[in-house]
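# Structural overview for review
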Amino acid sequence: MPDPVVVTGIGTAIAGVRGVGDLLGPDPVRGDDDPTDRITGRGHRYKDRATRLGLVAGEAALRDAGLPTNRATPPHLDTGVVVSSNLGNVDTVCDTVRTIADETYLATSPMLLPNTASNVIASWLAITFGLRGVNLTFCNGPTSGLDAVHWARTMIRSGRVERMLVVGVEPVTEPVRRLTAPDRGDTPADGPSGPDTLFDGAVGLVLEGAEVAAARQARVLATIDRYARAGSHDEATRAVCPPDAPVGLWFPPERPSGFRLHQAELPSAVRAAAELDLTTVLGRSSGALGVLQCAAGAAWLADGGPGSVLATAGVGAPTTAEARFDDATSALVLTAGASR
Amino acid sequence: MSALITGMGAVAAVGDDVPAIFDALCAGRSGVGPLRGFDPTRFRARHAYEIDDRPQSGEDLTLRATRWLEQAVQQALTDAGHDGDLSDVPVLIGTTLRELRSVELSWRDDVPFDLRDLHFGTALRRRFGATRTYTVANACSASLYALGLAADLLELGEADSVVVAGVDTITESTYGMLDRVYPLAPEAVRPFDRDRRGMLQGDGAVAIVLRRESDGPAGGRPHARVRGVGLNCDAYHPSAPDAESIASVIADAHRRAGTKPAEIDLVMLHGTGTPRNDEAEAEALRSVFADDVRSCRMTAIKSMTGHTAGASGLHSLVVAVRAMREGRIPPVVGLVRPIEEVAGFGLVADRELRAPVRTAQVHSFGFGGLNAVAIVEKVM
């Protein structure tokens, strides 16, 4: 068995959320604060909202894990970054093409050029915290957050790094509102979070090999267990949930309208699990969802929650011909932290 | 670790499959042309390396990148003798700009676009039944970075074969901002030349099929062997490269591959034709290779493909593999007066060079200081 990969830190940048326990619901999160106000230091003028949110959550996660948050000398060669975001940089792209049409290329800002590339959030996380290990960005649709956690573990297992900072982030900007509106005329509702609102925020996790965590006497919140990405929700959950390992808490995917998912149809190990739909707590969170699920699940396990945690993202599609839903489902299991 | 390349496919401005692209590059035929995709009155720059598949000049379509990706993957699967069912084969797609050109058209011009097509998994599910798909948005080193991830998956036993791909299309937002960056608008990409003006983007896609070598032969003759892929991040600047970090990723690739600079016959340079890249790349190479910069050959295909961004690393790799097979190295075009930093380098200029290539080193660097270097060798 390879060395397990464990969660040792969690940080959030979500309005109204003061601690990760707030993610466990059941009430929708409310707050008028802007988490990007917590950003410290200078030189943030040209950073987009997603990058600012990511930096706040990333710093909080590193601090929670007891790790330095300044650029170190020598740099952290053994720490990498993985970001999940689907809509993170569409604002720069949309604003810029509008500017070009109205006022030609002369009115664009070359300082914003790095923001057109979808890796800009991960890039600033690495620069700000001096993280020189592998640096990855997944823009992988609804499953993206869980996929990012899986790849963070893969990078640790393959020996490329000892530790990964994982950040899931989605900003609410005018282009995001319009592009995600069902009929392009309406924009999603304001007010308390819920299935009709969009999530605006970020969450960070620190993952490391259990031995590395133990060597620095880090607090272990949870262990990353089985993962699968498959064509349907049923297939993905069956791949990660053997009958003899009861799930205590299930985080379901965001469900598009018209898609039904009944707990009774899930594998037997999941049928008695409590269900917590983060979409109703935080709003529709796209690429951030999987990372939010892992953060909330780790907090629940660290608090002594029984059994394991199952997170699923993306509803998949029963057949390849069924184009109405998502291209796949990712499923990931978290278990209690390795005993020490 | 070693993995075998069993299939290759590619499209670019210079050709619509790997043999056509390679022949064009060897002939020194550039894909640069007058800008066709966008309203030229909005820009100072007049050139780009486009794939000309739009209905007419100035009118654009959504999902062009997705279609090129499907073409490249199909070519690679056919080449590998694969049946085309990817339901249990991971597909890693490296890209800088995803389908953001479609987002631009949707946002500004109200062209219908389903956001589920912003990542490439949706189309690959429909076309190939693929479900283990990952859109890796790792800037201009994305496809070579994805090759490193694929090698890790094979080594960890999480897959027996993996499709690695890269794709990018020129977006209007990046074209416009780049137009603000350079003092004079580039008319062509001229890597390592004193009179270079900067970078121009190129359209394209590329895909390879990779399988674990220790599984034994699977029929057909593999194209080449991937010996190792080094990956790192400068953590230094959002767009400027860092020579020291590039040197360390080159060294890391050699360490993983178990090779030494003296064994390298060909370096596929990143060579974007921007002063910052060219100088940092040359400095890094000299610091790792020392006098070996003289004995190994080097080329930079962006001089003819344009900067194909997320696809560019794997574009260079398939050209290197083809060079091994044919013993021909395409030249850098437009290299008339080399910059001082490459003095003594074995750069191939003007015309193709006939020379045996057994081991090649492929460079790919991206915004955010994302560096990937691969070592590939001929299968004897």
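Residues numbered from 1 in each chain as written. Chains lettered and ligands numbered in written order. Predicted model: local features only at pLDDT ≥ 70, side-chain atom pairs only at ≥ 80, totals over all residues. Heavy atoms only, no water.

Scanning chain B for helices and strands turns up eleven helices and 15 strands. A compact globule built from 380 residues would reach a C-alpha radius of gyration of about 21 Å, and chain B, at 19 Å, matches this within 12%. Looking at chain B as a whole, 67% of its 380 residues are labelled buried. Contacts in chain B between residues far apart in sequence, at least 24 positions, make up 77% of those at least 6 positions apart. When the accessible surface of chain B is totalled, it reaches about 12200 Å², and 46% of it is carbon and sulfur. (Helix = DSSP H or I, 4+ residues; strand = E, 2+ residues; numbered from the N terminus. Rg over C-alpha atoms; globule rule 2.2 N^0.38 Å. Buried < 20%, exposed > 50% of the residue type's maximum accessible area, 1.4 Å probe, protein only. Contact = heavy atoms within 4.5 Å. Areas by Shrake-Rupley, 256 points an atom, 1.4 Å probe, with all protein chains shown as cover.)

This next bit is on the pairing of strand S7 (residues 204-212) of chain B. Residues and elements named next belong to chain B. With nine of nine residues buried, S7 is to be regarded as a mostly interior element. Side chains Gly204, Val206, Ile208, Leu210 and Arg212 of S7 all project onto a buried face; the interleaved residues Ala205, Ala207, Val209 and Arg211 project onto the opposite face, where all are buried too. One ladder, built from nine bridges, connects strand S1 (residues 3-12) with S7; its direction is antiparallel. Bridge pairing in S7 places Val11 opposite Ala205. Across eight bridges, strand S6 (residues 161-168) lies against S7 in antiparallel orientation. Considered in S7, the bridge of Val162 is made with Leu210. (Pairing = 2+ DSSP bridges.)

Right, let's talk about empty space enclosed by the protein for a bit. The full count for this structure, using the stated rule, is three cavities of 30 Å³ or more. By volume, the second largest cavity amounts to about 50 Å³. (1 Å grid on protein atoms, 1.4 Å probe; cavity = no way out; pocket = protein on both sides within 12 Å on 5 of 7 lines; lining within 4 Å. Points joined across faces, edges and corners; volume = space filled by probe spheres on them.)

Let's shift gears to the nonpolar core. By size, the foremost hydrophobic cluster in this structure holds 111 residues, and its most contacted members are Leu205(A), Leu207(A), Leu147(B), Ile208(B), Leu210(B) and Leu317(B). Of all the elements, helix H10 (residues 289-302) of chain A adds the most residues to this core, at nine residues. With residues near it in sequence (within four places) discarded, Leu147(B) still touches Val164(B), Ile208(B), Leu210(B), Val226(B), Val229(B), Leu317(B) and Ala374(B). Judged by nonpolar contacts, the second largest core, of 29 residues, contains Val267(B), Ala282(B), Phe289(B) and Phe345(B). (Core = buried A, V, L, I, M, F, W, Y, C linked by side-chain atoms within 4.5 Å.)

Contacts between the two partners involve 66 residues from chain B, matched on the other side by 75 residues from chain A. For the pair chain B and chain A, the two sides together bury roughly 5900 Å², of which 60% comes from carbon and sulfur. Our count for the contact surface shared by chain B and chain A stands at two salt bridges. Notably, a salt bridge pairs Asp110(B) with Arg178(A), separated by 3.8 Å at the nearest N-O pair. (Buried area = accessible area lost by both parts, 1.4 Å probe. Salt bridge = Lys/Arg side-chain N within 4 Å of Asp/Glu carboxyl O.)

Residues and elements named next belong to chain B. What the domain assignment reports for chain B is domain 1 (3-215) and domain 2 (226-378). A C-alpha centroid distance of 19 Å is found between domain 1 and domain 2. With 60 residues of domain 1 at the interface, the matching set in domain 2 holds 63 residues. Summing both partners gives a buried area of about 4700 Å² for domain 1 against domain 2, and 68% of it is carried by carbon and sulfur. Put simply, domain 1 and domain 2 have four salt bridges between them. For the side of domain 1 that touches domain 2, the secondary-structure elements that each account for two or more residues are S1, helix H1 (18-26), helix H5 (142-155), S6 and S7. A per-class count over the side of domain 1 that touches domain 2 returns 35 nonpolar, 15 polar and ten charged. (Domains from an automatic or database assignment. Nonpolar A, V, L, I, M, F, W, Y, C, P; charged D, E, K, R; others polar.)

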